[in-house]
Amino acid sequence: MLPTVLHCVRPVSTALSFSRPLAHFRPHMDPDPSRPVERAITTKLTNALTPEHLEVHNESHMHAVPPGSESHFRVLVVSPQFGGLSLIQRHRLVNEALREELSTCVHALAIQAKTPEQWGSNPSLAKSPPCMGGSRGDHTVEEKLKAGRE
Amino acid sequence: MNKLIRSSAKCLRAGAAVYLPGSSACARLLSAAAGEQKDVGDMVKKDKVVVFIKGTPAQPMCGFSNAVVQILRMHGVDDYAAYNVLDDQDLRQGVKDFSNWPTIPQVYFNGEFVGGCDILLQMHQNGDLVKELKKLGVHSNLLDAEKESK
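Model, not experiment: these values are computed from the prediction. Residue numbers here run from 1 along each chain, matching the order of that chain's written sequence. As a convention, the first chain written is A and the first ligand written is 1, with the rest following in written order. Two thresholds apply to this predicted model, a pLDDT of at least 70 for residue-level local features and 80 or more for giving and counting side-chain atom pairs, whereas whole-chain, interface and lining totals are computed over all residues. Calculated side-chain values reflect all of the structure's heavy atoms, with hydrogen atoms and water omitted.

Visitor: How do you make sense of the pairing of strand β3 (residues 81-84) of chain B when you look at a structure like this?
Guide: Regular strands have side chains that alternate between both faces of the sheet. Residue and element names in this part refer to chain B. Residue burial is assigned from relative accessible area. The probe radius is 1.4 Å, only protein chains are included, and a residue is buried under 20% of its type maximum, exposed over 50%, and partly exposed in between. Helix numbers and strand numbers start at the N terminus; a helix is a DSSP run of H or I with at least 4 residues, a strand a run of E with at least 2. Burial along β3 is two-sided: A81 and Y83 and A82 and N84, pointing in opposite directions, are all buried. In this scheme, strands are said to pair when DSSP sees at least two bridges between them. Examined bridge by bridge, strand β2 (residues 49-53) and β3 share four bridges and lie parallel to one another. Looking at the pairing, V51 lines up with A82 of β3. For crossovers, right-handed means that the path from the first strand over the helix to the second runs clockwise, given strands pointing away from the viewer. After leaving β2, the chain enters helix α3 (residues 63-74) and then returns to the sheet as β3, a path that is right-handed.

So this is what it looks like as structure tokens:
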């Protein structure tokens, strides 16, 4: 069965080119159309968890942050590596793969981590709850947005 | 009345603002007093159910934190400690360091880290939350609903 991946999972040869640290963003205020954070998340999760199905959704537009931000994400990872692991163990694997992003530019990460069997019996993406505006005026979020732009 | 006095006493011990919404002794909003050493390890053991959220149970400032509050409310869990990390940046980082978990909200049962919003939601959906609350000696409203439906 061919693995289904909805977002640009690069083949191995180009994936290697994203192994450098997450550092070289254009230093200006405009959103970066190449979506570097989203691509980095996709690459790192692919490399760490060899998912059969992966979705990486930038949900920043649903939150109180400027347009084009890459600060709030939802990921759906379907991987046989999750077999036998508790939810918290699975989420820790995802957090670990994205440690750099989470400590710099990513403020929120919603995670669904399923085994292929679980995905097969319930192939649905959960919805994030509506924003309550907490990111507005939040100094920690502002620092992360700045880190994402630099 | 006794319950109200007990929760007020607990809050005085914590040395901070008390929030008691409604007429019953509900979720206690606590925060560490200024200058006090932030010992997250102690904070999570003081109560059976402890949550670190953005905002308060009456006014959450984040959709994910609100989801945690609403899930606990659905289960009729009204006696828990809630800490607003927006009030205290040291606490906000301290919690993340303590659990080695990068995001807020964070939920603790009997001093043990359970997970964030996604995990609590999945536990609620798959019936595990009712079971875990029962183990804590906390009665879930939804346990009654389950029994009635059988």
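Visitor: Got a minute to help me understand the nonpolar core in this structure?
Guide: In a soluble, globular protein the nonpolar side chains are often hidden away together inside. Here the nonpolar core consists of buried residues drawn from Ala, Val, Leu, Ile, Met, Phe, Trp, Tyr and Cys, with membership extended through side-chain atoms lying within 4.5 Å. Ranked by size, the top nonpolar core spans 43 residues in total, and within it V51, F52, Y80, Y83 and F109 of chain B carry the most contacts. Per-element accounting of this core gives the leading share, six residues, to α3 of chain B. With 19 residues, the next largest nonpolar core counts V56, F82, L98 and V106 of chain A among its residues.

Visitor: Whenever I open this one, empty space enclosed by the protein confuses me. Can you help?
Guide: The gaps left among the atoms become clear once a water-sized probe is rolled over them. Here a cavity is any set of points on a 1 Å grid over the protein atoms alone where a 1.4 Å probe fits but cannot get out, and a pocket is any open set with protein on both sides within 12 Å along at least 5 of 7 lines; a residue lines the site when it has an atom within 4 Å of a point. Grid points are joined across faces, edges and corners, and a volume is the space filled by probe spheres set on the points. Summed over the entire model, instances satisfying the criterion amount to three cavities of 30 Å³ or more. Counted as a void, the largest cavity has a volume near 170 Å³. Of all elements in the fold, only α3 (87-97) and β4 (108-114) of chain A together with α5 (117-126) of chain B reach the threshold of two or more residues within the lining of the largest cavity. The element that contributes the greatest number of residues to the lining of the largest cavity is β4 of chain A, accounting for four residues. Throughout, the ten residues Ala, Val, Leu, Ile, Met, Phe, Trp, Tyr, Cys and Pro are labelled nonpolar, Asp, Glu, Lys and Arg are labelled charged, and all others, Gly among them, are labelled polar. Per-class residue counts for the lining of the largest cavity are nine nonpolar, five polar and one charged. Along the wall of the second largest cavity there are 18 residues; nearest its centre are H107 and A108 of chain A together with K54, C62 and F64 of chain B. Those elements that provide at least two residues to the lining of the second largest cavity are α3 and α4 (89-99) of chain B.

Visitor: What is the right way to read the interface of chain A and chain B from this model?
Guide: A common way to state how big an interface is: give the accessible area lost once the parts meet. Listed per partner, the contact involves 24 residues of chain A and 22 residues of chain B. Basic side-chain nitrogens of Lys or Arg form a salt bridge, by our definition, when they fall within 4 Å of a carboxyl oxygen of Asp or Glu. Our count for the contact surface shared by chain A and chain B stands at two salt bridges. D138 of chain A is the partner of R92 of chain B in a salt bridge, and the nearest nitrogen-oxygen pair spans 2.8 Å. Counting residues per element, the ones that place at least two in the side of chain A that touches chain B are α3, α4 (99-104) and β4 of chain A. Among the elements that take part in the side of chain A that touches chain B, α3 of chain A stands out by supplying five residues, more than any other. Looking at the side of chain A that touches chain B residue by residue, the classes come out as 11 nonpolar, nine polar and four charged. By the convention used here, residues are in contact when the closest approach between their heavy atoms is within 4.5 Å.

Visitor: What exactly am I supposed to notice about helix α6 (residues 139-149) of chain A here?
Guide: At 3.6 residues per turn, the α-helix brings residues three or four places apart onto the same side. Taken together, the buried positions of α6 of chain A are T140, V141, K144, L145 and G148 of chain A. Buried residues of α6 of chain A fall within an arc of 135 degrees about the axis and therefore sit on the same side. At its buried positions, α6 of chain A is contacted by α4 of chain A together with α4 of chain B. Measuring from the side-chain oxygen of the N-cap residue of α6 of chain A to the backbone nitrogen of T140 of chain A gives 3.0 Å; that N-cap residue is D138 of chain A. By arc we mean the arc of the directions from the helix axis to the C-beta atoms, nothing more. Here a polar contact is recorded for every N or O atom pair within 3.5 Å, except that within protein the pair must consist of a potential hydrogen donor and a potential acceptor, and residues adjacent in sequence are included only if both atoms are side-chain atoms.

Shape is all these values report; function is a separate question.
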